[in-house]
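Per-entry structural report
Here's the letter readout for the chains.
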Amino acid sequence: MIKTSYEFDQSILPAGSSLKTNILLRFRVDIAESPRRHLNLSLVIDRSGSMAGAPLHHALKAAESVVDQLESDDILSVVVYDDEVDSVVPPQAVTNKTALKNSIRKVRAAGITNLSGGWLKGCEHVKTRLDPQKINRVLLLTDGHANMGIQDPKILTATSGQKAEEGIITTTLGFAQGFNEDLLIGMARAATGNFYFIQSIDEATEVFSIELDSLRAVVGQNLKVTLELADGVSLVDTLSLAKLSQNDASQAVLTLGELYEGEDKLLGLSLVISSAQIGELPVMKLHYSADVVQDDVIQSVSGTVDIVAKVGTVEEAAFASTSQIILELSRLTIAKAKETGLNLAEHGKHQEAEETLRMLVKDLRDKGLSENFEIAEEIDQLEYFAGRIAQKALGNAGRKEMRDQSYQTMTRNRSDLVGRGVTAGDEVYAIPIVNQVGSGVELYCVREGGKLRVKIISEGYDSTKNIQFPRAIRAEGTRYVVEGLELSSDGTFYRVRAKITRLTQPGEADIFVASRQSNLTNTGKASKGPASAADLTTTDSVGDSILVQCVKDGSKLRARVVSDGYEPDWNMRFPRSVREEGMLYLVDEVKTAPDGKSYIACGEIKRFVQPTSSN
């Protein structure tokens, strides 16, 4: 029922002592035609003030797209949360899609972020319809940090694991740049769910669809692997993300979560063998178990595989063919290096982090793997991150990309989730500018499936081929001029040759100069209001402004900041003439008052009008 296979990074290992080797194990559920599993799904959506405008609009459109893709036997609930938690769609069968979508369209942004309250309500809804034959899942979407309710990441992560033991799995979706990726990844890992970084607001529908595709393809759950290592063999590292524990026999037990139809679950291991003699060498017995769809019901299956390595002389090992899984092991090794490098940098070991990434780049090149386009792309990513870490300038966006890339490679085997990243590095500002192509080749940077790709505009080249281009200077919408392109050794992709410049046509606005300039004029002067809120200018776009809401506090109306990064309970100096309960405002600037425990609204005040969702 579960097919297993394994390969070492060398088809013949050299005889000798203290040998280090990597092994890749594959697990796949062998089902000719898998029936679609029905879903018991709760969408939990952040509607706090920081989601106001386009982010919430796109999140709700994505939720509507989920409704369109569900069937009448599926169960759906929708929870929205700010400082309050509302079930806009109680758990119900998806029989009236129009009514469900109308309920979703009525959601409006307000308040601060009670992430725990919203998530636990979603778990509660799933539990009321819990069915082991269904996929029971909570999809938690947020763009910010929890600042109300349970806020301790350790408690939320542990609780996510407990809910998973009850059969309720959590998938987390981080929206834009404000969320806590450590919390969301921690919750997903503890629950053996999925995590997604929605980097651009218009990606929400696409990412929701990826998760729904994954849920439909679940054919096995709770995959556990126990390693019974032979004498003289020790486990050095795990190259795939897994919950690692030990059984009563002190054997490593790895929990790998779900198995998807048509997708191998990969487990990469680094081992040290103390002594290898010529011949066949028993390395370990691998015991596995999972809950698998069989005859239209979930049944527990288990098995054991003997892992044996072929050992030869040093000469035989040197001349043996390279294993075909070297690319897949390299991807896992790269993902592990990103995780290690990031952890080192966050502990102040920037030089060691940079060296870790650059040494891997050298090793990949020495092995000739840079002639593979996917590895060439990863080399560009590694060099980009190494440079940013060396400058101590990885930043919030770079950190999220690095964490996401590492996570996706080490948990899934899907090309559409690997190498995602759309943030432009500061290096793009330093590229020389030209106003004409001349004898060069014109290129254009576009976003495809969450990745920045560079395409050929000039004639005379194969526009269908990919281009290896420095990651540090990729920026969506940018045109470049290069002196030339050359084919890779296998002729499958191009490399940029010589100087790279940025192309701007005469009279054309430079998007990078514009992007560095704020649209706001921060005067530092306290805001003054007109006679009433009705006299305020209205807008449905937040932009770089700060969102403020008027709330009832006893008998008084208070203005409170609801954008992320501010204290939600502090009072604010804000014109009384425009205060109306529940109203949302945008201000240019918020300053801390001299007392150090309240705010002052500064600059122009506008009234925020919620954008409406339509068919």
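Small disclaimer: the values here were computed from a predicted structure and weren't measured.

1. Some points on the overall build of the protein
Within the protein, the secondary structure is distributed over 12 helices and 28 strands. For the protein, the C-alpha atoms occupy an extent of roughly 90 × 65 × 45 Å along the three principal directions. Residues classed as buried in the protein amount to 53% of the 615 residues present. Taking the contacts inside the protein whose residues are at least 6 apart along the sequence as the reference set, 73% of them involve residues at least 24 apart. Here the protein holds 69 positive side-chain charges and 84 negative ones, and the gap between their average locations is 5 Å.

2. Quick look at the packing of helix α4 (residues 153–165) against helix α5 (residues 181–191)
Remark: α4 packs on α5, axes separated minimally by 7 Å, with the N-to-C direction vectors making an angle of 25°. Here α5 runs roughly parallel to α4, going by the angle between their axes. The element α4 and its partner α5 pack so that their crossing is right-handed. Residues Pro-153, Leu-156, Thr-157, Ser-160, Gly-161 and Ala-164 of α4 pack against Leu-183, Gly-186, Met-187, Ala-190 and Ala-191 of α5. In terms of residue class, the contact of α4 with α5 is made up of seven nonpolar, four polar and no charged.

3. Looking at the environment of Asp-490
Positionally, Asp-490 belongs in the loop between β21 (479–487) and β22 (493–503). A C-alpha to C-alpha distance of 23 Å links Asp-490 and Asp-416, two positions 74 residues apart in sequence. For Asp-490, the side chain forms a polar contact with the side chain of Ser-488, separated by 2.7 Å.

4. Considerations on the sheet that holds strand β9 (residues 195–198)
As summarised here, the arrangement of the six strands in space is β6-β5-β4-β7-β8-β9, forming an open sheet in which the pairing is mixed. Both outer strands of the open sheet, β6 (85–93) and β9, are each paired with one neighbouring strand and no more. Between one strand and the next, the sheet's axes are offset by a mean angle of 15°, whatever the strand orientation. Relative to β6, strand β5 (residues 75–81) runs antiparallel, the two being bridged by six bridges. Of the residues in β6, the one forming a bridge with Leu-76 is Gln-92.

5. Here we look at the packing of α5 against helix α11 (residues 395–411)
As a packed pair, α5 and α11 sit with axes 11 Å apart at the nearest point and diverge in direction by 15°. Between α5 and α11, the interaxial angle falls into the category roughly parallel. Regarding α5 and α11, the two cross each other, and that crossing is right-handed. Contacts from Glu-181, Asp-182, Ile-185, Ala-188 and Arg-189 in α5 reach Arg-399, Lys-400, Arg-403 and Tyr-407 in α11.

6. Focus: the nonpolar core
Within the largest apolar cluster, 47 residues are counted, with the highest numbers of intra-cluster contacts made by Leu-41, Leu-43, Ile-45, Leu-76, Leu-141, Leu-173 and Phe-208. For this core, the element with the highest residue contribution is helix α1 (residues 54–69), accounting for seven residues. Those residues in contact with Leu-76 that lie beyond four places of it in its chain are Leu-41, Leu-43, Val-67, Leu-70, Val-89, Pro-90, Pro-91, Gln-92, Val-94 and Leu-100. Ranked by size, the runner-up nonpolar core spans 35 residues in total, among them Leu-13, Leu-267, Ala-276 and Val-311.

7. As for the packing of aromatic side chains
Taken as a whole, this structure holds 11 aromatic pairs when the rule is applied. The structure contains a cluster of three or more aromatic residues connected by ring pairs, namely Phe-179, Phe-195, Phe-197 and Tyr-407. Lying over the aromatic face of Tyr-384, Arg-471 brings its terminal NZ or CZ to 4.8 Å of the ring centre.

8. Considering the confidence of the model for the protein
Taken as a whole, the protein shows an average pLDDT of 88; of its residues, 96% reach a score of 70 or greater. Below pLDDT 50 for its whole length, residues 514–521 participates in eight contacts with residues either more than four positions away or in separate chains.

9. A look at the sheet that holds strand β14 (residues 265–276)
Across the sheet, four strands lie side by side as β1-β3-β14-β11; this open sheet has antiparallel pairing. Looking along the sheet, the strands with just one partner apiece sit at the ends: β1 (2–8) and β11 (233–238). The sheet shows a mean angle of 30° between the axes of neighbouring strands, taken without regard to direction. As defined by bridge partners, β11 adjoins β14 across five bridges and the pair is classed as antiparallel. Looking at the pairing, Val-233 lines up with Ile-273 of β14. Helix-sheet contacts for helix α8 (residues 326–346) involve β3 (16–29), β11 and β14, and the interaxial angle to β3 is about 100°.

Basis of the calculations
Residues numbered from 1 in each chain as written. Predicted model: local features only at pLDDT ≥ 70, side-chain atom pairs only at ≥ 80, totals over all residues. Heavy atoms only, no water. Helix = DSSP H or I, 4+ residues; strand = E, 2+ residues; numbered from the N terminus. Buried < 20%, exposed > 50% of the residue type's maximum accessible area, 1.4 Å probe, protein only. Contact = heavy atoms within 4.5 Å. Lys, Arg positive; Asp, Glu negative; His and termini not counted. Charge placed at Lys NZ, Arg CZ, Asp CG, Glu CD. Axes fitted to C-alpha atoms, helices over the stretch in contact; angles between N-to-C directions. Parallel < 35°, antiparallel > 145°, perpendicular 65-115°, else oblique. Left-handed = near helix turned anticlockwise from the far one by under 90°. Nonpolar A, V, L, I, M, F, W, Y, C, P; charged D, E, K, R; others polar. Polar contact = N/O pair within 3.5 Å; in protein donor to acceptor, adjacent residues only side chain to side chain. Pairing = 2+ DSSP bridges. Core = buried A, V, L, I, M, F, W, Y, C linked by side-chain atoms within 4.5 Å. Phe/Tyr/Trp six-rings, centres within 6.5 Å; stacked < 30°, edge-to-face > 60°. Lys NZ or Arg CZ within 6 Å of the ring centre and 35° of its normal. pLDDT = per-residue confidence, 0-100.

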